[in-house]
Amino acid sequence: MARLAILEFPDPRLRTRAAPVAAFDAALERLIGDMFETMYEAPGIGLAATQVNVHQRLIVIDTSELKNDPQVFINPQILARDGLEVTEEGCLSVPQVFEEVERAARVRARAQDRHGVVSERELDGLLAVCLQHEMDHLEGKLFVDYLSSLKRDRIRRRLEKEQRERDGAPRPRSGVPLRVGAKVI
Ligand code: GNR
Ligand code: NI
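All values derive from a computational prediction rather than experimental measurement.

It is worth spelling out the pattern of salt bridges at this point. Enumeration over the complete set of coordinates arrives at 17 salt bridges. Among the ionic pairs, Asp 145 bridges to Arg 15, the shortest N-O distance being 2.7 Å. With Asp 145 in the loop between helix H2 (125–138) and helix H3 (149–167) and Arg 15 in the segment before helix H1 (26–41), this residue pair connects regions lying 130 residues apart in the sequence. A salt bridge links Arg 108 to Glu 122, with the nearest nitrogen and oxygen atoms 3.1 Å apart. In this pair, Arg 108 sits in strand S4 (residues 94–112) while Glu 122 sits in strand S5 (residues 118–124), placing the two residues 14 residues apart along the sequence. Residues joined in a network through salt bridges with shared partners are Arg 108, Arg 110, Glu 120 and Glu 122.

Of all hydrophobic cores here, the largest spans 17 residues; its most connected members are Ile 59, Ile 61, Phe 73, Val 107, Leu 123 and Leu 131. Those elements that place two or more of their residues in this core are strand S2 (58–61), strand S3 (71–91), S4 and H2. Tallying contributions element by element places H2 first for this core, with six residues. Apart from the residues lying within four places of it in its own chain, the contact partners of Leu 123 are Phe 73, Ala 105, Arg 106, Val 107, Ala 109, Ala 128 and Leu 131. With 15 residues, the next largest nonpolar core counts Leu 28, Met 35, Val 52 and Leu 58 among its residues.

In this section: the side chain of Asp 62. By the element assignment, Asp 62 lies in the loop between S2 and S3. Apart from the residues lying within four places of it in its own chain, the contact partners of Asp 62 are Met 39, Tyr 40, Ile 45, Lys 67, Asn 68, Asp 69 and Pro 70.

A separate point is the site of ligand 1. In the vicinity of ligand 1, the residues found are Gly 44, Ile 45, Gly 46, Gln 51, Glu 88, Glu 89, Gly 90, Cys 91, Leu 92, His 133, Glu 134 and His 137. A distance of 2.8 Å separates an oxygen atom of ligand 1 from a polar side-chain atom of Gln 51. One of the side-chain N or O atoms of His 137 is found 2.9 Å from an oxygen atom in ligand 1. In isolation ligand 1 has 380 Å² of accessible area, and contact with the protein removes 90% of it. Elements with a contribution of two residues or more to the shell around ligand 1: S3 and H2. Across the shell around ligand 1, the residue classes tally to three nonpolar, six polar and three charged.

Thresholds, definitions, all that
- Residues numbered from 1 in each chain as written.
- Chains lettered and ligands numbered in written order.
- Predicted model: local features only at pLDDT ≥ 70, side-chain atom pairs only at ≥ 80, totals over all residues.
- Heavy atoms only, no water.
- Salt bridge = Lys/Arg side-chain N within 4 Å of Asp/Glu carboxyl O.
- Helix = DSSP H or I, 4+ residues; strand = E, 2+ residues; numbered from the N terminus.
- Core = buried A, V, L, I, M, F, W, Y, C linked by side-chain atoms within 4.5 Å.
- Buried < 20%, exposed > 50% of the residue type's maximum accessible area, 1.4 Å probe, protein only.
- Contact = heavy atoms within 4.5 Å.
- Near = heavy atom within 4 Å.
- Polar contact = N/O pair within 3.5 Å; in protein donor to acceptor, adjacent residues only side chain to side chain.
- Areas by Shrake-Rupley, 256 points an atom, 1.4 Å probe, with all protein chains shown as cover.
- Nonpolar A, V, L, I, M, F, W, Y, C, P; charged D, E, K, R; others polar.

And the structure:
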């Protein structure tokens, strides 16, 4: 297994709409294993393939206290939603940001497992919230899209600054280049 790099907002690749998983093969098994390792190490309670730059409709989730209930959702659909619930959400692709989001409290979901077998389940609580958050990722949507544009822009600027500092890249210069002799400094 391997840990995969997680894309961070505002990376435009997080806006990609994922395509259905078509092949239930060894490569898929490997990706599922790598995604669980990446999620548990982060640590997080869910991970969508989009976040590791794989644009297929694959989600891994474990909302259990003991981290011993790995769940895979492939080509998921929500058949019905019921009730509303506000949860303070976070996202591995939007580090250190926690904000309240309103979602359906209960969902009826249909998905395939790692072997391609289809099943339907009623989900509630954190599992229902997490599945909706992960399914948004597969559509190129992030939880910050539910916030005001003012909040989202503040978050974007803060993360861009952190990413620049981490990469050690120089700040883009504005204005007229300063010349000393023939050199632009
Ligand atoms: O680890 C995560 N915690 C979380 C908390 C509340 C609502 C959703 C989530 S999902 C998040 C991991 C993640 O970014 N998944 O895409
Ligand atoms: Ni997320």
